[in-house]
Amino acid sequence: MHDAPPLVEKEPLSAGLKQRHLTMLGLGGVIGAGLFVGSGAGIAVAGPGIVLSYLIAGALAMLIMRMLGEMSAAMPASGAFSVHAERALGRWAGFSVGWLYWFLLVVVLAVEATGAAQIAHGWLPAVPQWGWVLLFMAVFTVANLAAVKNFGEFEFWFATLKVTAIVLFLALSLLAVFGVLPDTEPVGLTNLTGHGGLLPHGWSGVVSGVLAVVFAFGGLEVVTIAAAESDDPARAVGRAVRSAVWRILFFYVGSMLVIVTVLPWSSMEPGKSPYVMVLDRVGVPGAGQIMNVVVFVALLSALNANLYGSSRMVFSLAERGEAPRGLLKVSGGGVPRRAVLASVAFGFVSVLLNLEWPDSVFLYLLNAVGAVLLFVWGLIAVSQLRLRPRIEREAPERLVLRMWAFPYLTWVALAAMGAVIVLMLTDDTARPQLLWSAGATAAVLVVAGLRELRARRVRG
């Protein structure tokens, strides 16, 4: 049995993030290109039932964030759920979830950098796509090396723009539904009741929609990593989680509801943003370019957040002896610069693979991390089941944010994740991603197990 580390340890990082940074990071961190562009695929398979798909997927994400918020408020740490897993289950768990999450971030970082570069190249074709990638990576590397408040300010304004865009979109769409806008007739509920009704593909369509959208909620976890670098981590993460989960559910579900109300679900075009289609429908000039700007900002926001999250995760691993100790070097301003540079270096490797071999080598990498989020979420739930009784026994005053209906809803979340895994196994499109991710997870678990055996031999 491993020796349980103390519930709270002092972090050497700076406390440069303010409450407004964390609140907007919680709100904007999960609003990305997957919502603005990728939601069209979910609508195509579920029709108006996509609203139920988002409700189900969003409810699961809310439960995970509530569990993570409870543990992070009681035990703030730069490694967040990796530290929680180690405290709950042992070093193997902290090692596995930490490295898998780091790997996930640095691979997905390449998708975001490449996507933003493609948009920028369309605006200024004279600058090659690789030049834009280099520029974006350099700018955010410098920002993250300088001070954590730079990361916070970037994310604050990025998130503000994304949230503002969604609020304006919802307002315009509602006006279109009631025929208030010039040259528009009231839409009413025609598109919800016609074209096959609310569930044109039945409940199987809703289930397929869940598979299409559940991973869009990934990214919320970064707010609990960032909370460790605020003046009052327990209070900051509690407020951020409370405000974020409900508002994000409103943004996601509200957006889907107005989209399938304004437009027939059968009119969705593959690869085209449903947001652009709605804005075109209500007569907003230059809708495509407006949404291009919003998606561009969303991609840069995700790039910045992933660089920050990956550097803090690998720094936390180094603190616990699970990564090279050289990554522990912290600047005078409290920034783990070597951890930032290590994450950027692997991010550049991923970008090069994406630019040179997008349909082969990089595709395998992307599949290998595609379903890793489920492993991370699963360990969050198991960790919360183990740690909640310990916190109640040792430091009940630290439970400033409690999981609802513990332990029942935690078990419900675990069952829901098990159901998603079963559904992915039965889905021809999702199965390869799950199997590749399972292989990557198994490989990391083997390494973790071997390290554990070696440590036991040394102790013996």
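Scroll up to find the structure.
Student: Lay out the overall build of the protein with the relevant residues and their values.
Tutor: Secondary structure assignment for the protein yields 19 helices and zero strands. Taking 23 Å as the expected radius of gyration for a compact globule of 460 residues, we find that the protein reaches 22 Å, a close match to that expectation. Across its three principal directions, the C-alpha atoms of the protein cover 75 × 55 × 40 Å. Looking at the protein as a whole, 57% of its 460 residues qualify as buried. Counting contacts in the protein only where the partners sit at least 6 residues apart, residues at least 24 apart contribute 80% of the total. Accessible surface, the protein: about 18,600 Å² in total, of which carbon and sulfur atoms supply 68%. Within the protein, one finds 32 positive and 26 negative side-chain charges whose respective centroids are separated by 9 Å.

Student: Outline helix H12 (residues 233–262), supporting the account with residue identities and numerical values.
Tutor: Between its terminal C-alpha atoms H12 stretches 42 Å, which fits the 44 Å expected from 30 residues at 1.5 Å a residue. The element H12 is extensively covered by neighbouring structure, given that 23 of its 30 residues are classed as buried.

Student: Got a sec to walk through the pattern of salt bridges? Specific residues and values, please.
Tutor: Overall, the coordinates contain ten salt bridges when judged by the stated rule. A salt bridge links Arg-451 to Glu-322; the shortest N-O distance between them is 2.5 Å. Taken together, the residues Arg-451 in helix H19 (residues 431–459) and Glu-322 in the loop between helix H14 (287–319) and helix H15 (337–356) connect sequence positions 129 residues apart. When its relative accessible area of 24% is taken as the criterion, Arg-451 is described as partly exposed. The class for Glu-322 is buried, based on a relative accessible area of 5%. Between Asp-428 and Arg-431 there is a salt bridge; the shortest N-O distance is 2.9 Å. Classification of Asp-428 as exposed rests on a relative accessible area of 59%. Taking the relative accessible area as the measure of exposure, Arg-431 reaches 27% and is therefore partly exposed.

Student: Report on a nonpolar patch on the surface, specifying residues and quantitative values.
Tutor: Together, Leu-174, Leu-175, Phe-178 and Val-180 give the surface a local cluster of nonpolar side chains, amounting to about 390 Å² of exposed area. Along the chain, the position of Phe-178 falls in the loop between helix H8 (148–177) and helix H9 (190–193). For Phe-178, a relative accessible area of 58% gives the class exposed.

Student: Residue-level account of empty space enclosed by the protein, with values.
Tutor: To locate leftover empty space, one rolls a probe as large as a water molecule over the atoms. Evaluated as defined, the whole model comprises three cavities of 30 Å³ or more. The volume enclosed by the largest cavity comes to roughly 50 Å³. Arg-91, Trp-92, Phe-95, Glu-322, Ala-448, Arg-451, Glu-452 and Ala-455 together form the lining of the largest cavity. Only helix H6 (91–123) and H19 provide two or more residues apiece to the lining of the largest cavity.

Student: Just give me the short version of the environment of Val-206, but keep the residues and values in it.
Tutor: Inspection of the secondary structure puts Val-206 in helix H10 (residues 202–213). Exposure remark for Val-206: the relative accessible area of 1% places this residue in the buried category. C-alpha of Val-206 to C-alpha of Gly-47: the two residues are 159 residues apart in sequence and 8.3 Å apart in space. The residues touching Val-206, leaving out its near neighbours within four places in the chain, are Ala-46, Gly-49, Leu-52, Ser-53, Ile-56 and Leu-199.

Student: Which residues make up unusual backbone geometry, and what values go with them?
Tutor: With an omega dihedral of 0°, the bond running from Phe-406 to Pro-407 counts as a cis peptide bond. Note that Pro-407 resides in the loop between helix H17 (372–394) and helix H18 (408–426). Despite not being glycine, Ala-80 has its phi angle at roughly 45°, a positive value. By the element assignment, Ala-80 lies in the loop between helix H4 (50–74) and helix H5 (81–89). With phi around 45°, Ala-405 is a residue other than glycine that occupies positive phi space. If you trace the backbone, Ala-405 turns up in the loop between H17 and H18. Assessed through its relative accessible area of 46%, Ala-405 is described here as partly exposed.

Student: So what about the packing of aromatic side chains? Which residues, and what values?
Tutor: Per the counting criterion, the structure on display carries 18 aromatic pairs. Judged by centre distance (5.3 Å) and plane angle (65°), the rings of Phe-140 and Phe-154 are edge-to-face. Placement of Phe-140 in helix H7 (residues 129–146) and of Phe-154 in helix H8 is noted, with a sequence separation of 14 residues between them. Taking the relative accessible area as the measure of exposure, Phe-140 reaches 4% and is therefore buried. According to the relative accessible area criterion, Phe-154 is partly exposed, its value standing at 31%. Of note, Arg-20 hangs over the ring of Phe-156, and the distance from its end group to the ring centre comes to 4.7 Å.

Student: Could you give an account of the nonpolar core, naming the residues involved and the relevant values?
Tutor: If you look at the biggest cluster of nonpolar residues, it comprises 159 residues, and the most contacted ones within it are Phe-81 and Trp-377. Broken down by element, this core gets its largest block of residues, 18 residues, from H14. Excluding residues within four positions of it along the chain, Trp-377 makes contact with Leu-60, Ala-61, Ile-64, Val-214, Phe-217, Gly-218, Glu-221 and Met-417.

Student: Please provide a residue-by-residue account of H10, values included.
Tutor: Given a rise of 1.5 Å per residue, twelve residues ought to cover 16 Å, and the 17 Å separating the end C-alpha atoms of H10 matches this to within 8%. Turning to H10, its buried residues number three or more, namely Gly-205, Val-206, Gly-209, Val-210, Leu-211 and Val-213. Lining the buried residues of H10 we find helix H3 (39–46), H4 and H18.

Student: Break down the packing of H5 against H17 for me, with residues and values.
Tutor: Following both chains from N to C, one finds H5 and H17 inclined at 55°, their axes separated by 8 Å at the closest point. On the basis of their axis angle, the class for H5 and H17 is oblique. Judged by the twist between their axes, the crossing of H5 over H17 is left-handed. From H5, Phe-81, His-84, Ala-85, Arg-87, Ala-88 and Leu-89 reach across to H17, where they touch Val-376, Leu-379, Ile-380, Val-382, Ser-383, Arg-386, Leu-387 and Arg-390.

Student: Before we move on, could you go through the side chain of Ser-96 and cite the residues and values that matter?
Tutor: In this structure, Ser-96 sits in helix H6. Within polar-contact distance, the side chain of Ser-96 engages the backbone oxygen of Trp-92 at 2.7 Å. Once residues within four sequence positions are removed from consideration, Ser-96 is found in contact with Phe-375, Val-444, Leu-445 and Ala-448.

Conventions we followed
Residues numbered from 1 in each chain as written. Predicted model: local features only at pLDDT ≥ 70, side-chain atom pairs only at ≥ 80, totals over all residues. Heavy atoms only, no water. Helix = DSSP H or I, 4+ residues; strand = E, 2+ residues; numbered from the N terminus. Rg over C-alpha atoms; globule rule 2.2 N^0.38 Å. Buried < 20%, exposed > 50% of the residue type's maximum accessible area, 1.4 Å probe, protein only. Contact = heavy atoms within 4.5 Å. Areas by Shrake-Rupley, 256 points an atom, 1.4 Å probe, with all protein chains shown as cover. Lys, Arg positive; Asp, Glu negative; His and termini not counted. Charge placed at Lys NZ, Arg CZ, Asp CG, Glu CD. Expected span 1.5 Å × (residues − 1). Salt bridge = Lys/Arg side-chain N within 4 Å of Asp/Glu carboxyl O. Patch = residues over 30% accessible without salt bridge, like charges linked within 9 Å, V, L, I, M, F, W, Y side chains within 5 Å. 1 Å grid on protein atoms, 1.4 Å probe; cavity = no way out; pocket = protein on both sides within 12 Å on 5 of 7 lines; lining within 4 Å. Points joined across faces, edges and corners; volume = space filled by probe spheres on them. Phe/Tyr/Trp six-rings, centres within 6.5 Å; stacked < 30°, edge-to-face > 60°. Lys NZ or Arg CZ within 6 Å of the ring centre and 35° of its normal. Core = buried A, V, L, I, M, F, W, Y, C linked by side-chain atoms within 4.5 Å. Axes fitted to C-alpha atoms, helices over the stretch in contact; angles between N-to-C directions. Parallel < 35°, antiparallel > 145°, perpendicular 65-115°, else oblique. Left-handed = near helix turned anticlockwise from the far one by under 90°. Polar contact = N/O pair within 3.5 Å; in protein donor to acceptor, adjacent residues only side chain to side chain.

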